[in-house]
Every structure is written in C-alpha cells, then in structure tokens.
Amino acid sequence: MVRAMIERRPVTLITGASAGIGMALARIFAGHGHELMLVARREQQLRELADAIAGRGHRRPHVHSLDLARQQSVEEISASMSRLGIEPNIIVNNAGFGLLGTAVDLSRSEQLAMIDVNVRVLTELSLAFIGALERHRGGILNVASVAAVLPGPGMAVYYATKAYVLSFSEALHWELQPRGIRVTALCPGPVPTEFQARAGFAGGSKPDVLTKTADQVAEAGYRALQRGQRVAVPGLANRLTVTVARFLPRRLLMEAVGRYNGKRAGGRIKRSPS
Ligand SMILES: NC(=O)c1ccc[n+]([C@@H]2O[C@H](COP(=O)([O-])OP(=O)(O)OC[C@H]3O[C@@H](n4cnc5c(N)ncnc54)[C@H](OP(=O)(O)O)[C@@H]3O)[C@@H](O)[C@H]2O)c1
C-alpha cells in the first residue's frame, strides 16, 4: 500500500480550468513541465485545452468533468486520481464564482452553492492530500481576490467567501511551512473572463487601472507559489488598494464598494428601506 502511494506520479490539480484564470494557470504550469489534472463541469472545454497543451509538446493533461458543488466531489477526484496512478504535488483551488446583487434579493440556493465551491471544496481539497503534498514538497495555490480585504455590499456572500480564502490560506501557510508545503493566496483585482457575465455585471464594463489579464494573473500566481510567497496581489494599483484599505474606516470602504458594485450592476442595486 505504502509502496503504491510512493509510486504514484505527481501532478498539478487545477480546478476551474475550463475558462479564464484557471485555463491560463493550466497553460503556465504545463509550460513549466508539470503534468496536469484539470477539473471543471464543461468537459468539452477541458478536452480542447488538453488537446492544445498536448499539441505544444507537453504531456497530455488528465481531465475530470464534475460539479464541485456536489457533496462527494473531492472523493470523486481522489478516486479518479487513484485509478490513474497519480496524486497531487500541487493543488490550485481556482474554481469559483460571484453574484452581483443584494444578498436578500439573490437566490439563496445559488449563494449557498457559491459557498460550496468557493469555500467548502477549497477547504476540503486543501486538506485532503496533505500526505502527498508533503512527500513531494509541493504546495497549494488558493485563488482569493482583492475583495478579500473589503466589505462587500452588492456582492456580500462573494466578498465574504474570498475573505475566508485569504484568512484560511494565510493560516495554512504558517501551519504547513514546517512540513515543507508552500501555501499561497492569489488576490487578483478585476480580470476580464466569464466571471463578469456569470455574476450578472451590466455589459460593457471597461478595463481600468486595476484590470489585469488572466495570463498576467496566472503568471504572478505561479511565480508567487514557486517562491513560497504567502500572498500575491498582481498589479501595483491593486497592491495600493489593499494597503490603503487597511487604514480607511470600514464605513467609508462600505460606501465606496457599494457604489462600485452599484455601477457594475448598471444602478440596479438598491438598499432595502429600513
Ligand atoms: N475575474 C475576476 O475579475 C476575478 C477577480 C478576482 C478573483 N477571481 C477569482 O478567480 C477564480 C477564477 O475566476 P475566473 O475569473 O477565471 O472566472 P471564469 O472565467 O468564470 O471561470 C470560473 C471557472 O470555475 C469553474 N467552476 C465554477 N463553478 C464550478 C462548479 N460548480 N464545479 C466545477 N467548476 C466550476 C468554471 O468551470 P465550469 O463552468 O466549466 O464548471 C470555470 O472553469 C475564481 O475563484 C474567482 O472568484 C476572479
């Protein structure tokens, strides 16, 4: 049994690899010679990405399409890896989504599913393979957001999930360092991906000084994990935002974020009358 575990090939497990930042991360990890296991719901997109990566002369990634919001999803990933004779040396918890609107107006079940994907599965995957990560002196890259340091009126549950990801990852960084496991929280600002449409942003939001591409963010995340950095915030303007947010009163931040998200919603977000 022990010998079988040692003989498993190490792979980088990336969730949410069918689009956006996850897809960019997959290309970067593959480009640096990592064998990959890609997870998301849309199998076709995963297979096309695997073809493209193989077409560039890299090892063909394994793909596993599944809905991470389902209770048994991590067990299914683990079983599928066992069957393939692989185990993770790096886990990239990237899958996630947000919803724009006031928490009372948005669907309760969708917001709970968001907590499942952004928080529950990220936590479970971070803890499920510690033995393998330790054996390979590997790491965990958890995708949080600049939203992690802000109060989030207009996207309350989403900002709260990212605050959790940042807090959890920083603590895990400290706890797992003695075991030789790196843990990095990646905190991007705005990145044009499918995220905006899924969240219900009003169309036509223009890139601003905070905006970075998925490739830029993925590259920053890859480098930060390699260096064993605790937190990575891609882009100077985003790093400034995070720093300034520490010193501003929460009430002021709340107003600013509420207005920002109101604009992203095309003015649709209204506070309930007291
Ligand atoms: N874009 C931004 O402005 C921004 C800023 C800061 C942080 N982030 C974070 O970056 C991460 C990636 O977002 P993105 O911008 O790349 O968004 P995206 O283009 O919408 O990609 C999201 C990925 O997550 C997967 N996913 C979502 N729900 C899933 C589920 N139930 N089961 C399995 N996979 C699921 C999607 O795959 P399927 O649909 O195929 O399942 C897709 O591959 C997220 O955690 C997001 O919160 C994004």
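Residues numbered from 1 in each chain as written. Predicted model: local features only at pLDDT ≥ 70, side-chain atom pairs only at ≥ 80, totals over all residues.

**Thoughts on the sheet that holds strand 1 (residues 9-15)**
Link 1 in the chain: If you walk across this open sheet you meet the seven strands as 3-2-1-4-5-6-7, and the pairing is parallel. Edge strands, defined here as strands with exactly one partner in the open sheet, are strand 3 (62-65) and strand 7 (231-232).
Link 2 in the chain: By the bridge criterion, six bridges tie strand 1 to strand 4 (residues 86-93) in an arrangement that is parallel. Within the sheet, the bridge partner assigned to Arg9 lies in strand 4 and is Ile86.
Link 3 in the chain: Along the sheet face, helix 5 (residues 108-128) touches strand 4 and strand 5 (139-143) and points at about 140° away from the line of strand 4.
Link 4 in the chain: The strands touched by helix 7 (residues 156-176) within the sheet are strand 5, strand 6 (182-186) and strand 7, with strand 6 carrying the most contacts at an inclination of about 160°. (Pairing = 2+ DSSP bridges. Helix = DSSP H or I, 4+ residues; strand = E, 2+ residues; numbered from the N terminus. Contact = placed C-beta atoms within 7 Å. Axes fitted to C-alpha atoms, helices over the stretch in contact; angles between N-to-C directions.)

**Notes on unusual backbone geometry**
Link 1 in the chain: Although it is not a glycine, Arg137 adopts a positive phi angle of roughly 45°.
Link 2 in the chain: Among the secondary structure elements, Arg137 is positioned in the loop between helix 6 (130-135) and strand 5.
Link 3 in the chain: We classify Arg137 as exposed; it has 11 C-beta atoms within 10 Å. (Buried ≥ 20, exposed ≤ 12 C-beta atoms within 10 Å, placed from the backbone.)

**Focus: the site of the ligand**
Link 1 in the chain: Neighbouring the ligand are 28 residues; Gly16, Gly20, Arg41, Gly96 and Thr193 lie closest to it.
Link 2 in the chain: Elements represented by at least two residues in the shell around the ligand include exactly helix 2 (20-31) and helix 8 (195-199).
Link 3 in the chain: When grouped by side-chain class, the residues that make up the shell around the ligand number 14 nonpolar, nine polar and five charged. (Near = placed C-beta within 6 Å. Nonpolar A, V, L, I, M, F, W, Y, C, P; charged D, E, K, R; others polar.)

**A closer look at the pairing of strand 4**
Link 1 in the chain: Of all eight residues that make up strand 4, seven are buried, and the element is covered over most of its length.
Link 2 in the chain: Bridge analysis of strand 4 against strand 5 gives four bridges, and the strand direction is parallel. Note on strand 5: the bridge partner recorded for Val92 is Leu141.

**Quick look at the packing of helix 2 against helix 9 (residues 214-227)**
Link 1 in the chain: Contact pair helix 2 / helix 9: the axes reach a minimum separation of 8 Å and the direction vectors enclose 55°. By the angle between their directions, the pair helix 2 and helix 9 is classed as oblique. Crossing of helix 2 over helix 9 shows right-handed handedness. Taken together, the residues of helix 9 that come into contact with helix 2 (itself represented by Gly20, Ile21, Ala24, Leu25, Ile28 and Phe29) are Ala214, Asp215, Val217, Ala218, Glu219, Gly221 and Tyr222.
Link 2 in the chain: Here the residues of the contact of helix 2 with helix 9 are counted per class, giving nine nonpolar, two polar and two charged. (Parallel < 35°, antiparallel > 145°, perpendicular 65-115°, else oblique. Left-handed = near helix turned anticlockwise from the far one by under 90°.)

**Quick word on the pairing of strand 2 (residues 36-40)**
Link 1 in the chain: Counting buried positions along strand 2 gives five out of five residues, so the element sits mostly inside the fold.
Link 2 in the chain: Burial of the side chains of strand 2 extends over both faces: Leu36, Leu38 and Ala40 are buried on one face and Met37 and Val39 on the other.
Link 3 in the chain: Note that strand 1 and strand 2 share four bridges and pair parallel. Bridge pairing in strand 2 places Ile14 opposite Leu38.
Link 4 in the chain: Considered for its hand, the β-α-β crossover made up of strand 1, helix 2 and strand 2 is right-handed. (Right-handed = clockwise from strand over helix to strand, strands pointing away.)

**Digging into helix 11 (residues 250-264)**
Link 1 in the chain: Here helix 11 is 15 residues long and its end C-alpha atoms lie 21 Å apart, about the 21 Å a rise of 1.5 Å per residue gives.
Link 2 in the chain: Buried residues of helix 11: Val257, Asn261 and Arg264, and no others. Buried residues of helix 11 fall within an arc of 50° about the axis and therefore sit on the same side. Exposed side of helix 11, more than 90 degrees from the buried face: Arg251 and Leu252 are the residues found there. (Expected span 1.5 Å × (residues − 1). Arc of directions from axis to C-beta.)

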